[in-house]
Amino acid sequence: MLDLVRRRYLWFAISILTIIPGLISMLVFGLNLGVDFSGGARWEIHIPSISETRDGLENDINAVFTESGIEGARTQLSQGTTNNQQFVIAFVRSKSVQSDSAERKAVETGLTSKFGADTRIETVQTVGETVRGRSIRNAIVAVFIASLAIMGYLWAAFRGTPNPLRYGVCAIIAMLHDVLVVIGMASILGWLIGLEVDALFMTAVLTVISFSVHDTIVVFDRVRENVRRSSDDYERVVNRSIVQTLTRSINTQFTSFFTLTALLLFGGESIRSFVLILLLGLISGTYSSIFNAAQLLVVWENREWRNWFGRGKDNVKPATAA
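Residues numbered from 1 in each chain as written. Predicted model: local features only at pLDDT ≥ 70, side-chain atom pairs only at ≥ 80, totals over all residues. Heavy atoms only, no water.

A. Broad picture of the overall build of the chain. The secondary structure content of the chain amounts to nine helices and four strands. The N-to-C order of helical and strand elements in the chain reads α-α-β-α-β-β-α-β-α-α-α-α-α. If one aligns the C-alpha atoms of the chain with their principal axes, the spans along those axes are about 80 × 40 × 35 Å. For the chain, the residues scored as buried account for 43% of the 322 residues in total. The contacts in the chain between residues at least 6 apart in sequence include a share of 73% that link residues at least 24 apart. Accessible surface, the chain: about 16,800 Å² in total, of which carbon and sulfur atoms supply 59%. Charge-centre separation for the chain: the mean point of 30 positive side chains lies 12 Å from the mean point of 28 negative side chains. (Helix = DSSP H or I, 4+ residues; strand = E, 2+ residues; numbered from the N terminus. Buried < 20%, exposed > 50% of the residue type's maximum accessible area, 1.4 Å probe, protein only. Contact = heavy atoms within 4.5 Å. Areas by Shrake-Rupley, 256 points an atom, 1.4 Å probe, with all protein chains shown as cover. Lys, Arg positive; Asp, Glu negative; His and termini not counted. Charge placed at Lys NZ, Arg CZ, Asp CG, Glu CD.)

B. Up close: the sheet that holds strand β3 (residues 85-94). The strand order β2-β3-β1-β4 describes an open sheet built from four strands, whose pairing is antiparallel. Whereas interior strands pair on both sides, the edge strands pair on one side only; in this sheet they are β2 (74-82) and β4 (120-127). Across the sheet, the axes of successive neighbouring strands diverge by a mean angle of 15 degrees, strand direction being ignored. Pairing of β2 with β3 involves nine bridges; the strand directions are antiparallel. When the sheet's bridge partners are listed, Gly 80 is paired in β3 with Phe 87. Most of the contacts of helix α3 (residues 54-67) go to β2, to which it runs at about 120 degrees, and overall it touches β1 (40-48), β2 and β3. (Pairing = 2+ DSSP bridges. Axes fitted to C-alpha atoms, helices over the stretch in contact; angles between N-to-C directions.)

C. Spatial organisation of the layout of surface pockets. Taken as a whole, the largest pocket spans an internal volume of roughly 830 Å³. Along the wall of the largest pocket there are 31 residues; nearest its centre are Arg 42, Gln 76, Gly 194, Glu 269 and Ser 273. For the lining of the largest pocket, the secondary-structure elements that each account for two or more residues are α2 (35-38), β1, β2, β3, α7 (199-229) and α9 (272-302). Looking at the lining of the largest pocket residue by residue, the classes come out as twelve nonpolar, nine polar and ten charged. (1 Å grid on protein atoms, 1.4 Å probe; cavity = no way out; pocket = protein on both sides within 12 Å on 5 of 7 lines; lining within 4 Å. Points joined across faces, edges and corners; volume = space filled by probe spheres on them. Nonpolar A, V, L, I, M, F, W, Y, C, P; charged D, E, K, R; others polar.)

D. Region of the structure containing unusual backbone geometry. Residues other than glycine seldom take positive phi values, yet Asn 163 does so here, at roughly 55 degrees. Along the chain, Asn 163 turns up in the loop between α5 (129-157) and α6 (165-193). Positive phi values are uncommon outside glycine, yet Arg 303 reaches one of about 50 degrees. Considering the arrangement of structural elements, one finds Arg 303 in the segment after α9. By relative accessible area, which is 41% here, Arg 303 ends up partly exposed.

E. Broad picture of the pattern of salt bridges. In total, this model carries 13 salt bridges according to the counting rule given. Residue Arg 8 pairs with Glu 304 through a salt bridge whose shortest N-O separation is 2.5 Å. With Arg 8 in helix α1 (residues 8-28) and Glu 304 in the segment after α9, the pair connects residues that are 296 residues apart, well separated along the chain. A salt bridge links Arg 120 to Glu 122, with the nearest nitrogen and oxygen atoms 3.0 Å apart. The exposure class of Glu 122 is partly exposed, given its relative accessible area of 36%. Taken together, the salt bridges that share partners define one network made up of Asp 232, Asp 233, Arg 236 and Arg 240. (Salt bridge = Lys/Arg side-chain N within 4 Å of Asp/Glu carboxyl O.)

F. The UniProt feature "transmembrane region" (unreviewed entry) in the chain, seen in detail. UniProt marks residues 9-31, 139-158, 170-193, 199-220, 250-268 and 274-300 with the feature "transmembrane region" (unreviewed entry), using the numbering shown here. Its end C-alpha atoms 29 Å apart, residues 139-158 is made of 95% helix and 0% strand. Here residues 199-220 is 100% helix and 0% strand, with 32 Å between the C-alpha atoms at its ends. (UniProt positions renumbered as here; feature names shortened; annotations may be inferred.)

G. Structural view of the nonpolar core. In this structure, Phe 201, Phe 220, Val 238 and Ile 242 are the most contacted members of the largest nonpolar core, which totals 54 residues. Secondary structure elements with two or more residues in this core: α1, α5, α6, α7, α8 (234-266) and α9. If one sorts the elements of this core by residue count, α9 sits on top with 15 residues. Setting aside chain neighbours within four positions, we find Phe 201 in contact with Val 182, Ile 183, Ala 186, Glu 196 and Ile 277. Grouped together as the second largest cluster of nonpolar side chains are 20 residues, Ala 41, Ile 45, Phe 65 and Ala 90 included. (Core = buried A, V, L, I, M, F, W, Y, C linked by side-chain atoms within 4.5 Å.)

Structure below.
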């Protein structure tokens, strides 16, 4: 039988090596926060197709904002087609503006003057300091409450097994692994391609948490069944449970993987970042449920932390049936 548990520290090392680049990126570059978390305004502007280069068009849009009294605007472009007519959607980040302000009217006038009468401002989303602070607080509270609820649920669901708390704690550690992978990748992608951390990103993170715990519970449930049926030592029981659920886990996640990949390629610009985060979380969640969560149960059972860094080798608890 495939022995995955015996190599558990190799899987842990792979996880750490995956997380470290993201942590370094967060320390160096931070996260590219959207208006939901950084405040300011986000403009969506429809522009008829023009012959300018991408850089030239971005510079011209930024210049219109500067001339209208809005300094420091940043523009990203996306192209689309309707009725065989190409057009450009410009997403512009700027400081906060009021809906009836002179600055907004000046931008509108400047854009139509520069790019034609068919140019129009589709939406302007403005987030003030109060809403910004509330968004950050609510995001942290949402993740914290979700974590507590998951740990409490797993403790209750596995209360008939020895030490049921470890199932909840190990699931939360695996879940945090996935959150760190996703946030780290968001930092790297924010630096590379301008991916923004906004309210939709938080929705994706909470969905990733669900993905992660869902597959972990499947493995844990098989561990519980096998512990009741077998007198084998705990490490072998956990390994057998992982192998028994391995095909199911991979097949189930592959169906979601194909769906998300199709959405990533053909779903449109507005949901591309959201789908990309879901896809990264799905891959990380599949890995952590197989190679981290259940392996942590064995570490807890053997109390292996007492032997880390060469300490207390004589005190290692021999593996026994739970």
